[in-house]
Structures are given as structure tokens and as C-alpha cells.
Amino acid sequence: MKYIDEYRDPQLAQTLFDEIRRITTRHWTIMEICGGQTHSIIRNGIDQLLPDTIELVHGPGCPVCVTPLESIERALVIASRKEVIFTSFGDMLRVPGSSRDLFMVRSAGGDVRIVFSPLDALQIARDNPSKEVVFFAVGFETTAPANAMAVWQAAREGVENFSVLVSQVMVPPAMRAILSSPDNRVQGFLAAGHVCAVMGYAEYEPVAREFHVPIVPTGFEPVDLLAGILKTVELLEEGKADVVNRYGRVVSREGNPWAQDIISKVFEVIDRPWRGIGIIPESGLGLREEFASYNAEQRFNVTNICAQESPLCMSGSVLQGILKPDACSAFAKECTPEHPLGATMVSSEGACAAYYKYGLP
Amino acid sequence: MCLAIPGKLLELTTENGLKMGIIDVNGSKTRACLEYVPDIHVGQYTIVHAGFALKIIDEEEAGESLKLWQELIESGAFEPDEEPPALESL
Ligand code: SF4
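Reading the values: the criteria
Position numbers for residues start from 1 in each chain and track the written sequence from start to end. Here chains are named by letter from A upward and ligands by number from 1 upward, in the order in which they appear as written. pLDDT decides what is reported in this predicted model: residues at 70 or higher carry local features, side-chain atom pairs at 80 or more are listed and counted, and totals for whole chains, interfaces and linings draw on all residues regardless. By convention in this description, side-chain values take in all heavy atoms of the structure and omit both hydrogens and water. Any two strands between which DSSP finds at least two bridges are classified as paired. Think of it this way: any DSSP run of H or I at least four residues long counts as a helix, any run of E at least two long counts as a strand, and we number them from the N terminus. Note on geometry: axes are C-alpha line fits, over the in-contact stretch for helices, and angles between N-to-C directions span 0 to 180 degrees. By convention in these notes, a salt bridge is any Lys or Arg side-chain nitrogen within 4 Å of a carboxyl oxygen on Asp or Glu. Categorising residues by exposure relies on relative accessible area from a 1.4 Å probe, with only protein chains included: less than 20% of the type maximum marks a residue as buried, more than 50% marks it as exposed, and the intermediate range marks it as partly exposed. Along the chain, pLDDT gives the predictor's confidence residue by residue, from 0 to 100. Any pair of residues with heavy atoms lying within 4.5 Å of one another is described as a contacting pair. Note that the term roughly parallel is reserved for angles under 35 degrees, roughly antiparallel for angles over 145, roughly perpendicular for angles of 65 to 115, and oblique for everything else. By convention, the crossing between two helices is left-handed when the near helix turns anticlockwise from the far helix through less than a right angle, and right-handed when the turn is clockwise. Put simply, Ala, Val, Leu, Ile, Met, Phe, Trp, Tyr, Cys and Pro go in the nonpolar bin, Asp, Glu, Lys and Arg in the charged bin, and everything else, Gly too, in the polar bin.

K.L.:
So what exactly am I meant to see when it comes to the sheet that holds strand β8 (residues 215-218) of chain A here?
P.N.:
Residues and elements named next belong to chain A. Strand order in this open sheet of 4 strands is β2-β1-β7-β8, and the pairing throughout is parallel. Across the chains shown, the open sheet's two edge strands, defined by having one partner strand only, are β2 (54-61) and β8. Going across the sheet, the axis of each strand differs from the next one's by a mean of 25 degrees, ignoring polarity. Sheet topology places strand β1 (residues 28-34) next to strand β7 (residues 188-192); 3 bridges connect them, and they run parallel. Within β7, the position partnered with isoleucine 30 by the bridge is glycine 188.

Structure (C-alpha cells):
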């Protein structure tokens with residue numbers, strides 16, 4: 001398949017492995033932000049094949065993992081209402097709240113539907129004018145343009161039986177939070193390619209300067225990841241804190257201006273809680289005042305719902321790259337993908353789930 | 001949720017006033033909104049996320065980086081000292 005096969009070329013991968021080994025003179029700790037990249041790295045055994053001196057730690061870039069338990073509880077309450085058709089990306093349905101998940105709400109008679117695009121949720125609203133249709137608008141900067149467009153379009157057409165439960169987060173503030181932590185070990189970052197496709201990589205330049213870390217946007221295929229790691233190691237070895245793009249076919253410095261325009265029209269920057277981490281200032285997006293009537297939290301009066309995390313779970317440290325999943329005492333014991341205790345075991349993109357699935361360490 | 005694989009635009013359409021398209025992603029056809037790639041034309045490749053095309057894939061850039069890497073291999077600068085790694089997803 002075009003744009004896939006050439007980036008899985010074993011000979012090319014080997015060349016990149018060799019080159020990484022050749023230029024590495026000391027121990028470096030590099031974080032890949034994106035859960036999709038974590039998954040690809042572990043599935044392809046990239047972390048195992050790198051020299052021992054290159055340590056990859058896994059970042060918070062998994063939307064399912066960082067959606068706070070309160071948001072899940074709110075979704076469950078809304079989805080249980082008789083007049084509601086609750087719509088969501090498929091990955092959110094298995095995420096357990098304190099006592100159940102969206103699948104269980106569906107088995108109990110709730111109308112919960114998986115959609116591929118928020119525009120499909122809007123279509124369900126058009127088709128069911130007597131129902132309230134709610135979309136669970138979660139994710140990073142990659143889903144923000146889609147979620148923003150659904151709200152924008154609903155407002156433009158005057159579709160009133162549509163609303164969104166928003167838990168929308170952004171990468172750069174999370175990087176700052178990680179780098180500011182006294183326990184931080186991260187020396188360089190692989191930036192998430194598709195987040196950068198939307199936002200561009202210019203917004204990482206101040207982070208790189210301020211914290212003196214190299215940041216390299218890259219993709220998801222083995223060759224992309226290895227080229228990204230190679231560039232990061234090169235910059236680390238040279239003592240340079242630059243942002244260098246290794247995903248040129250998809251990422252530009254400026255990003256996608258049309259997407260950014262709608263995001264800023266529909267959303268504003270707000271403080272957001274991250275599951276396992278807590279509130280990160282100015283790290284999320286919330287609906288602007290003009291679109292407040294599309295806010296499901298207010299429409300269904302669920303703002304006050306709180307939730308309690310399992311005290312065993314260390315996913316906050318896992319998400320910040322401080323601990324590897326197997327350092328958690330519950331890993332593969334009390335906590336498995338079938339009975340996840342924490343966010344990072346829930347999603348297939350979560351670091352705990354990836355370690356479990358591929359039998360690491 | 002953040003994974004997106006490249007697809008090829010087969011057909012342009014309009015729905016509810018939005019620019020839409022049919023995209024071939026690895027042999028299966030999906031609908032995507034094209035409002036964020038207004039300049040796209042049929043036959044181009046794009047990255048689709050949550051039903052939205054986010055970027056037209058830059059053919060020239062893709063060709064450039066592959067050429068560079070190919071040169072790296074051909075220069076023989078790095079004699080592979082072991083078998084190529086088993087990349088499971090190949
Ligand atoms: S293994 Fe389970 S309990 Fe431990 S950090 Fe990961 S998700 Fe939390």
C-alpha cells in the first residue's frame with residue numbers, strides 16, 4: 001500500500017538501527033507522546049532492538065487514557081436517560097466508570113451508538129428530532145477539528161437536539177507539566193505526527209527553548225519512528241534543543257489553517273483535568289460562550305458528578321514517563337485489560353495495555 | 001484514536017453544504033469531510049481522522065525522504081551486522 005509499505009522496509013529499518021547505535025555515546029531517555037506511537041513501538045519490538053543506552057518512555061498521548069473518570073461517569077448518566085441517543089468513538093465504550101461502562105448501559109436498554117465521525121452523530125440528530133443526541137467529544141488536537149465542525153454545523157443548521165460532552169485536551173501543556181515535574185527524566189521528545197498535522201510544530205519551539213529539549217515530530221510506521229529517534233539522538237548528542245520535523249509528508253510548521261480556524265471559533269482554552277495526572281492549567285478546550293447551548297454537561301445537569309480512582313493505580317506516573325507499567329504492583333495481577341483498574345490499561349493505546357498484550361518486559 | 005492511515009480520494013461529493021469525499025483506505029471505501037483540505041483533488045492521498053481529511057500527503061516530501069534513506073543504504077556506510085529485525089507488522 002502506498003505510503004505504508006515503504007515505511008515498513010526491514011532493510012531501511014536496519015540501517016536506521018545501525019546508525020542510531022553508531023552515533024549514541026551515552027544514555028538518553030526519550031518520550032514518545034502519542035499512544036499510537038507507543039503501540040507501534042512495542043508491537044514492532046523497536047524498544048527491544050534499540051541499544052540499551054536509548055530508553056523510550058511512554059507519554060500521556062492516549063485520549064481514552066486521559067479522559068477523566070468524572071467525564072466517564074457523566075457519559076454513563078447521560079447515556080442512561082430514556083430520551084438520549086448517546087454516540088461515541090468505539091474506544092470509549094469499554095472504559096469503566098466506578099461500576100459499569102457504556103456497553104453495560106447499552107445492554108440495560110440505553111441507546112448507545114458507535115460512530116466513526118462526529119458528523120455521523122449530527123446526522124443521527126437530524127434523523128431523530130424527538131430524541132436528544134449527545135456526542136462524547138474526547139481527544140487531542142487530532143479530533144478537535146472534527147468535534148468543532150459538528151458543533152459549528154449544528155449551530156449553522158439550527159439542529160437543537162444535538163449536544164457534546166467535551167473532554168478535549170492538548171499536547172504542549174502536558175509536555176510542560178512533564179518537564180516541570182521534579183521527577184522528570186525525559187530528555188527529548190518524539191512529537192505526535194497527527195497532532196502536528198493539525199497544529200503545526202511551531203508551537204513546540206518555545207517548549208524546546210524553555211526546557212532545553214529536542215522535539216521531533218514523526219509518524220507511526222517503524223521507519224518513521226526510527227528516523228525520529230535517530231534525529232532526536234543526533235540532537236541530544238550535539239546538545240541542541242531544536243524542533244526538527246521527520247514527518248514532512250504530513251506535517252508542516254504551520255499546520256492546517258482551516259482546522260485551526262474552526263477550533264478557535266468553537267472552542268476556547270481552559271484548565272482541564274487529565275485522568276491519573278490531575279488538572280493541567282490551560283491544557284484543554286471547552287465550548288465558547290456562543291456555543292454553550294451545545295454543552296451536554298449543562299443540558300443534562302451533570303457538572304457536579306465526581307468519581308474516585310483506584311488507590312492501587314499508578315497510571316499518573318506511567319502517563320508522565322516516571323514509571324514503566326511493570327513497576328506497578330497491580331500490573332497483570334489485579335489489573336488486566338479485562339478488569340482494568342486504571343486508565344492506561346483500558347485503552348489498547350495505553351502503555352499498560354501494550355505491555356500486557358505484547359508480554360513485556 | 002490518533003492512528004490514521006493514508007487513503008486516496010476517489011470522488012468528491014457535498015453533504016449538508018459541506019465538502020465531502022469518498023476515500024479508499026487500504027481497499028475499503030470511507031466517507032470523509034474535506035473542509036480542511038479545500039484544495040484536494042481526486043487521486044491525491046490524505047490522512048483521515050475521525051471522518052475528516054487533515055492533510056494532503058506531500059508527494060514531493062515523501063519522495064525526498066525516501067531518496068535520502070535509500071542513499072544511506074546504498075552508500076554502504078553501515079554494514080548490517082545482523083539480520084534485519086523482525087517487524088511484525090510487515
Ligand atoms: S497496571 Fe493497572 S493499576 Fe497499574 S498503573 Fe497500569 S492501569 Fe494502573
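K.L.:
I'm lost on the pattern of salt bridges in this one. Help?
P.N.:
Residue and element names in this part refer to chain A. Under the definition given, this model contains 18 salt bridges over all chains. Note that arginine 299 and glutamate 132 form a salt bridge whose closest N and O atoms lie 2.8 Å from each other. With arginine 299 in helix α14 (residues 296-299) and glutamate 132 in strand β5 (residues 132-139), this pair connects stretches of sequence that are 167 residues apart. Note on arginine 299: relative accessible area 28%, which makes it partly exposed. A salt bridge links glutamate 268 to arginine 288, with the nearest nitrogen and oxygen atoms 3.9 Å apart. Of the two residues, glutamate 268 is situated in strand β9 (residues 267-274) and arginine 288 in the loop between β10 (278-287) and α14; the sequence distance between them amounts to 20 residues. The network of salt bridges with common partners includes Glu55, Arg185 and Lys324.

K.L.:
Help me understand the confidence of the model for chain B in this model?
P.N.:
Do not read the fine detail of predicted coordinates wherever pLDDT is low. Residues and elements named next belong to chain B. When pLDDT is averaged across chain B, the result is 78; 64% of the residues are at 70 or more. A low-confidence stretch, residues 77-90 (pLDDT under 50), is modelled with 32 contacts involving residues beyond four sequence positions or located in other chains. Scored as a whole, the predicted complex attains pTM 0.89, and scored at its interfaces, ipTM 0.89.

K.L.:
Would you explain the packing of helix α8 (residues 144-157) of chain A against helix α13 (residues 257-266) of chain A in this entry?
P.N.:
In a pair of packed helices, the angle between the axes and the distance between the axes together describe the arrangement. All names here are of chain A. Two elements in contact, α8 and α13, have axes separated by 9 Å at closest approach and are oriented at 60 degrees. Between α8 and α13, the crossing angle belongs to the class labelled oblique. Crossing of α8 against α13: the hand is left-handed. Contacts between α8 and α13 pair Ala144, Pro145, Ala148, Met149, Val151 and Trp152 from the former with Ala259, Ile262, Ile263, Lys265 and Val266 from the latter. Split by residue class, the contact of α8 with α13 holds 10 nonpolar, no polar and 1 charged.

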